[in-house]
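Spelled out from the first residue to the last, the chains are:
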Amino acid sequence: MLIGKKPARLLAIALTLCFGGSIVRGASDEIAPPDFAWWREARFGMFVHWGLYSEAGSVWNGHFLPGWSEWMLNRKKIPPAEYHAELTPRFDPVDFDADVWVRTAKDAGMKYIVITTKHHEGFSLWPSAVTDQDIAATKFGKPKTDGGRGRDPIRELADACQRHGLKLGFYYSLLDWSNPDYLPRREWDTRPTAGADYARYAQFMRAQVKELLDGRYGKIAVLWGDGDWEHGAREHTSDEIVAMARALQPGILVNDRWAQSGDYATPENKIPDAGLDRPWETCMTLNGSWGYARDDHDFKSAAVVLQNLADIVSKGGNYLLNIGPDGRGRIDPESLAVLASIGQWMHTHSSAIYGNGRALLSVPEWGRWTLALTSDGSAAINAHLFSAPKSGVLRLDGVIDDPTRVRVLGGEFESPTFRRKGPDLIVDLSPAAIEMIAKSSPHPVIAFDFASQPKILAAPTIVGDERLFVGSMIVRFFPPPLGATIHVTTDGSQPTAHTPAITPNAQGEYAIAIDHTATVRARTSWQNNMSNGETTINFSRSELSPAQTCGDRVGLDARVIVGEFETVPASTTFDSSKQSNTVESVTIPRGVPADRFAVQLRGMIDAPSSGVYRFEIASDDGSELWIDGIRVIDHGGLHGATPKIGDVALAAGCHEIDVRMFESVGSESLTLRWRPPSITKFAQIPEQSLHRRLNLKSE
Ligand code: FHN
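Residues numbered from 1 in each chain as written. Predicted model: local features only at pLDDT ≥ 70, side-chain atom pairs only at ≥ 80, totals over all residues. Heavy atoms only, no water.

1. Description of the site of the ligand
Next, step 1: Residues in contact with the ligand amount to 15 residues; listed here are only the nearest, His49, Glu70, His120, Asp226 and Glu268.
Next, step 2: Between the ligand and the protein, one listed contact pairs an oxygen atom with a side-chain N or O atom of glutamate 268 at 2.7 Å.
Next, step 3: For the ligand, the protein covers 94% of the area, taking 330 Å² as the surface of the free molecule.
Next, step 4: Assessed atom by atom at 2 Å from the grid points, the ligand resides in the second largest pocket.
Next, step 5: Among the residues making up the shell around the ligand, the classes are represented as eight nonpolar, three polar and four charged. (Near = heavy atom within 4 Å. Polar contact = N/O pair within 3.5 Å; in protein donor to acceptor, adjacent residues only side chain to side chain. Areas by Shrake-Rupley, 256 points an atom, 1.4 Å probe, with all protein chains shown as cover. 1 Å grid on protein atoms, 1.4 Å probe; cavity = no way out; pocket = protein on both sides within 12 Å on 5 of 7 lines; lining within 4 Å. Sits in = over half its atoms within 2 Å of the grid points. Nonpolar A, V, L, I, M, F, W, Y, C, P; charged D, E, K, R; others polar.)

Now the structure itself:
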């Protein structure tokens, strides 16, 4: 059932749904990869939470509700019909000026904007053909012929971003407290569930995402999903939505909140201690609420925001800082003041942020290091001084190139000089500089400019991440800085200057061959100075697991058990299964309950050649991959749809495969990919490579 549709809209829905909200691909099925280039350069964006909740400002029946204002419908247990009836007539943001918003972001040094097109409240901020709970229901968005203002804030924002050169992204909530087809209902929501159809809600989502990305709002750089936790990717039809997004908006970035790992991770209101090993973006509120909260005046200072920004960038991440405009479309004065201060600092310090990332230097007690690589080949190491170094000295360990210039970016104190001590650069800070650093807020930055990427005598880096091998293996190192040498041991002892240095082979590679399980330890030296950093990696030599005869029937046998699990059940636990069927690929079989179940898929996998196979399992919740009785991946525990890899040496032919996963509550998903020997990328496992076991017995 669709929400009170007008005839014209019924036709629109019919047209949309007959394509199932999916797209008719062009001749080429080649989908452009996610475009991270602008995103890594940008580092800093504006998150905007704006909807009916902004008009309420977290005030209901005259009482202010502290906390996340955009959650008021749920927290105050307001029947959706009452919520929309009260706020839709009031939402008339006559002071909304998209150019003001975009200029505010741009002046603060932000390079992109992500706006909530629909939050959990179920109000669509653009004129949508598939719902009446959209901007067209408000005076602001109603057509002028109907007495409205005929405005579309998403259109106005898209045009303003285009004018000012900012990228635009759309937040879209999968969770919807108002749509009658969305399940589960909130426990206080007494609306009937009879007739509610989540598959129809998924069609609704596909139709809406298609409206947002079909080009009417131009180039959209990010699809920011949220609220995916109550269903799995299968029920959300996440694969189809994401594929449609990539086809409609080539290069679009899709985050990790479509019940899949997506293109990048989105830690929320926290900064990962060491950064993440995939692209990531911390999103954060400026005060205590995402949406406008009338009485929340607990705003972060510009100094705190900029230390967060430097910390995030030093770990290779992006920062999406949120504002919550009010129901009139105004940005509150406190947010404006903080953003203006941020902009003043960015005006003189942005070279230490844009395009910056990790520097190969250990994290100092006084702040953060970032490394900027510019398009002309020059580089800079930036010292973000949150406090004055206790020793009064800055040490750039192992930086064996001299900087061409040392600058204090904001001119807070006189630019210091440097001296060299072996492979290290030393800067002795004057008392005046130390005093100024201690007083400066936001923090000062000392930039060390280099003609090219500085050679840093850090721990040697080993090329590739293979750790398991058959027969023998070549361990390759990235070439050391010019004039430096690499010292390697394979018996686990620490390399010293007396350890013979490895020399480049005929191909100019710094490499060693190993034919046994070994602990490889490596250090770099330069002019008899050893690097402080060291690399230690264990490599394991394995025999090929022998192959068995393949069955001639494709598919895997699936067993399902129901219950509450926190760890992956043993295979024998599945012997009690009352539900078994077959699946064509590694996936959650149909017919499982929404929550609290475990699945085991067993069969044979046909290895096309002999060698080391890398598998990647992504599951929500825990999972394990067993091959020939070897546990190749242990991805147990309660977690989101994150990937984990494991290697195994297989002889060409068939091998027993056993995939187990469990789902507690919320979203669930299970995917398995492989990377056969000498293949460089993960790929889906062809269905014809999965066979039923000839004489499957319970283990
Ligand atoms: O529930 C939402 C919340 O309202 C807000 O939109 C944040 C922003 O990342 N996301 C969800 C909470 O994780």
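2. Observations concerning the layout of surface pockets
Next, step 1: Roughly 2,000 Å³ of internal volume is contained in the largest pocket.
Next, step 2: Lining the largest pocket are 46 residues; nearest its centre among them are Ser261, Glu616, Thr671, Arg673 and Gln684.
Next, step 3: For the lining of the largest pocket, the secondary-structure elements that each account for two or more residues are helix 9 (233-236), helix 10 (238-248), strand 29 (611-620), strand 32 (642-650), strand 34 (669-675) and strand 35 (683-684).
Next, step 4: For the lining of the largest pocket, the residue count by class is 20 nonpolar, 11 polar and 15 charged.
Next, step 5: Both domain 1 (38-352) and domain 4 (553-692) contribute no fewer than three residues apiece to the lining of the largest pocket.
Next, step 6: Space inside the second largest pocket adds up to approximately 730 Å³.
Next, step 7: Lining the second largest pocket are 38 residues, and of these Asp228, Asp256, Arg257, Thr266 and Gly640 lie nearest its centre.
Next, step 8: Only strand 6 (222-226) and strand 32 provide two or more residues apiece to the lining of the second largest pocket. (Points joined across faces, edges and corners; volume = space filled by probe spheres on them. Helix = DSSP H or I, 4+ residues; strand = E, 2+ residues; numbered from the N terminus. Domains from an automatic or database assignment.)

3. Here's the deal with the confidence of the model for the chain
Next, step 1: Residues with a pLDDT of 70 or more make up 95% of the chain, whose mean pLDDT is 92.
Next, step 2: Low confidence marks residues 1-28, where pLDDT is under 50. Its contacts with residues over four positions away, or in another chain, come to 51 contacts. (pLDDT = per-residue confidence, 0-100. Contact = heavy atoms within 4.5 Å.)

4. With respect to the packing of aromatic side chains
Here a ring pair, both rings aromatic, is described through the centre-centre distance and the interplanar angle of the planes.
Next, step 1: Counted by the stated rule, this structure contains 28 aromatic pairs.
Next, step 2: Pairing tryptophan 50 with tryptophan 101 gives two aromatic rings, centres 4.8 Å apart and planes at 75 degrees, and the pair type is edge-to-face. Of the two residues, tryptophan 50 sits in the loop between strand 1 (44-48) and helix 3 (52-56) while tryptophan 101 sits in helix 6 (residues 98-107), which places them 51 residues apart along the sequence. Each member of the pair, tryptophan 50 as well as tryptophan 101, is classed as buried.
Next, step 3: A centroid spacing of 5.2 Å and a plane angle of 90 degrees characterise the contact between tyrosine 182 and tyrosine 201, whose relative ring orientation is edge-to-face. (Phe/Tyr/Trp six-rings, centres within 6.5 Å; stacked < 30°, edge-to-face > 60°. Buried < 20%, exposed > 50% of the residue type's maximum accessible area, 1.4 Å probe, protein only.)

5. A look at the pairing of strand 25 (residues 535-541)
Next, step 1: Sheet analysis places strand 18 (residues 468-469) next to strand 25, joined by two bridges and oriented parallel. Counterpart to leucine 468 in the pairing with strand 25 is serine 540.
Next, step 2: Sheet analysis places strand 23 (residues 518-526) next to strand 25, joined by five bridges and oriented antiparallel. By the bridge assignment for strand 25, alanine 522 is matched with threonine 535. (Pairing = 2+ DSSP bridges.)

6. Quick look at the domain arrangement of the chain
Next, step 1: The domain architecture assigned to the chain consists of domain 1 (38-352), domain 2 (359-450), domain 3 (468-541) and domain 4 (553-692).
Next, step 2: Here the C-alpha centroids of domain 1 and domain 3 sit 49 Å apart.

7. Quick word on unusual backbone geometry
Next, step 1: The linkage connecting serine 441 with the following residue, proline 442, adopts the cis geometry, with an omega of 0 degrees.
Next, step 2: The amide bond that connects aspartate 620 to the next residue, aspartate 621, takes the cis arrangement and shows omega of 10 degrees.
Next, step 3: Its place among the elements puts aspartate 621 in the loop between strand 29 and strand 30 (623-627).
Next, step 4: The phi torsion at alanine 259 lies on the positive side, around 60 degrees, for a residue other than glycine.
Next, step 5: The residue alanine 259 is located in the loop between strand 7 (253-254) and strand 8 (281-284) in this model.
Next, step 6: Residue classification places alanine 259 among the buried positions, given a relative accessible area of 5%.
Next, step 7: The phi torsion at glutamine 527 lies on the positive side, around 50 degrees, for a residue other than glycine.
Next, step 8: Structurally, the position occupied by glutamine 527 is in the loop between strand 23 and strand 24 (529-530).
Next, step 9: According to the relative accessible area criterion, glutamine 527 is exposed, its value standing at 58%.

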